[in-house]
Amino acid sequence: MRLKGTGRDSFYGDFLYEQIVPQDHFLRHLREVVPWQRYTYRLIKYYRGKGERGRPPVDPAMVLKMLLLSYLYDLSERAVEEYCNLNLAAKFFIGVSVDAQVPDHSTLSVFKKRILENGHLAAYQRMLDAMISDARDAGITFGTLQLIDSTHSIADVNVAKDQKRQHDGDMPRDPDARWGCKGTYYVTDEQGGRHKRKKYFYGDKTHSSLNAQAQMITSLITTGGNRHDGRFLRDLIAHDLQQGLPVGVCAADRGYDDTANHFWLQQQGIGNAIHLNGYRTNKKDKNRDVWVELKRQPWYREALKLRYQIERKFGEAKKYHGLGRCRYVGGKRYAVQAYLTALALNMKQLVRGLTGVSLRGPMLIST
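Throughout what follows, the structure given in this document is the object of discussion. None of the values given here were measured: they were computed from a predicted structure.

Reading the values: the criteria
Residues numbered from 1 in each chain as written. Predicted model: local features only at pLDDT ≥ 70, side-chain atom pairs only at ≥ 80, totals over all residues. Heavy atoms only, no water. Salt bridge = Lys/Arg side-chain N within 4 Å of Asp/Glu carboxyl O. Helix = DSSP H or I, 4+ residues; strand = E, 2+ residues; numbered from the N terminus. Buried < 20%, exposed > 50% of the residue type's maximum accessible area, 1.4 Å probe, protein only. Expected span 1.5 Å × (residues − 1). Arc of directions from axis to C-beta. Contact = heavy atoms within 4.5 Å. Axes fitted to C-alpha atoms, helices over the stretch in contact; angles between N-to-C directions. Parallel < 35°, antiparallel > 145°, perpendicular 65-115°, else oblique. Left-handed = near helix turned anticlockwise from the far one by under 90°. Nonpolar A, V, L, I, M, F, W, Y, C, P; charged D, E, K, R; others polar. Phe/Tyr/Trp six-rings, centres within 6.5 Å; stacked < 30°, edge-to-face > 60°.

**Side note on the pattern of salt bridges**
Move 1: Within the structure shown, the criterion is met by 20 salt bridges.
Move 2: Note that Arg28 and Glu18 form a salt bridge whose closest N and O atoms lie 3.5 Å from each other. Of this pair, Arg28 sits in helix H2 (residues 26-33) while Glu18 sits in helix H1 (residues 15-20), and the two are ten residues apart along the sequence.
Move 3: Overall, Glu18 belongs to the partly exposed group, its relative accessible area being 38%.
Move 4: When the shortest N-O distance is used, the salt bridge between Asp257 and Arg280 registers 2.6 Å. Of the two residues, Asp257 is situated in the loop between strand E5 (249-252) and helix H10 (259-268) and Arg280 in helix H11 (residues 278-281); the sequence distance between them amounts to 23 residues.
Move 5: Here Asp257 falls in the buried class, since its relative accessible area comes to 8%.
Move 6: The network of salt bridges with common partners includes Arg38, Arg42, Asp134 and Asp137.

**Some details on helix H14 (residues 308-321)**
Move 1: Here H14 is 14 residues long and its end C-alpha atoms lie 19 Å apart, about the 20 Å a rise of 1.5 Å per residue gives.
Move 2: Those residues of H14 that fall on the buried side of the exposure criterion are Gln309, Ile310, Lys313, Phe314, Glu316, Ala317 and His321. In an axial view of H14, the angular spread of the buried residues amounts to 155°, which keeps them on one side of the axis.
Move 3: On its buried face, H14 is in contact with helix H4 (60-72), strand E1 (145-154), strand E3 (194-211), strand E4 (216-224) and helix H15 (331-355).
Move 4: One or two residues past the end of H14 sits Gly322, with phi positive at roughly 80°.

**Brief notes about the packing of helix H5 (residues 77-86) against helix H7 (residues 105-138)**
Move 1: In the contact formed by H5 and H7, the axes pass within 8 Å of each other and the chain directions differ by 125°. Here H7 runs oblique to H5, going by the angle between their axes. Where H5 crosses over H7, the two elements pack in a sense that is right-handed. Only His105, Leu108, Ser109 and Lys112 of H7 make contact with H5, whose side of the interface consists of Glu77, Arg78, Val80 and Glu81.
Move 2: Here the residues of the contact of H5 with H7 are counted per class, giving two nonpolar, two polar and four charged.

**Section: the environment of Arg325**
Move 1: The topology assignment puts Arg325 in the loop between H14 and H15.
Move 2: When sequence neighbours within four positions are dropped, the list of residues in contact with Arg325 reads Ser153, Ile154, Ala155, Asp156, Val157 and Gln337.

**Looking at the packing of aromatic side chains**
Move 1: Inspection of every chain in the model, using the stated rule, returns six aromatic pairs.
Move 2: Where Trp36 meets Tyr39, the ring centres are 5.7 Å apart and the plane angle is 45°; that geometry is what we call tilted. Of this pair, Trp36 and Tyr39 both sit in helix H3 (residues 36-43), three residues apart, which is roughly one turn of the helix.
Move 3: With a centroid separation of 5.2 Å and an interplanar angle of 50°, the aromatic rings of Trp179 and Tyr202 are classed as tilted. Taken together, the residues Trp179 in strand E2 (residues 178-188) and Tyr202 in strand E3 connect sequence positions 23 residues apart.
Move 4: Classification of Trp179 by relative accessible area gives partly exposed; the value is 46%.
Move 5: What links up through ring pairs into an aromatic cluster is the set Trp36, Tyr39 and Phe93.

Distances and angles like these do not, on their own, reveal function.
What follows is the structure in structure tokens.
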């Protein structure tokens, strides 16, 4: 395999990095705990010449590292190019010499497009699967409890302008974004009465499965904002099982309280810790007994107590990694954002779990 040179064997080499980049720096640990060379071999197959014919390409693992930095630090692709050129720890992590320029932001765009066109979204799913496999190989323990939930991202669309554009006969800016409902809130009228209202958003959803012990996202599916959460529990858990994860109990909120989900979990021999709606236990006939008995189980109550962890993970993704708003337009490109965000979150957890070192924010740069 032929790849473009990085300058790491130059006069500067690793000497300055060893003097300047702290031994406990997050990016130094991330460089060491992830087997990046495997990603080179996993990704090079999506290149036309596969690293054997034509001009030597930039190492795809290097480009992936830059993309992950943009998600770890919530930087645009233009900003992450500047950040990597100015920050020695970032250059060290990427794998170029001190005096070399990192790949420009257009290379990141071409990389995403190449992977999406040649490998489709399955290529990003395989990267997420590989990260879970690498974490297990490194010694991260995955427990038996999987937490299921979804989070929404606001479309990169000015809704008022978009509606006017469509009224004039133009296509919507984001043809895959949809109106969805995510929760409720209360308003108080002038007479002091309280009224429930639904929270609506225009955008997309990420449906995820999180391993409670490892604190890593193991499966995800993206959809428009209008899709019902309960539809995706079976697909998420089925993918967890395909990876060989020791799924013993599945916990989810009331949005997943669907008879088909209960029946499927029973068929799979998986403990059912879906938060039950009141109508199941408030029945006046004997059909309520099975649900009342389920709620009495200690493992059911303990699993639901831990469900906050996936909500916390989504909060982290939105507050620090930009998942609150779509970076791009189109459902497939939003899926790329969701997968790269999940990879960034998992890498943070991998480093924290193996070394105890947490991510710190980037230095300020001009943008």
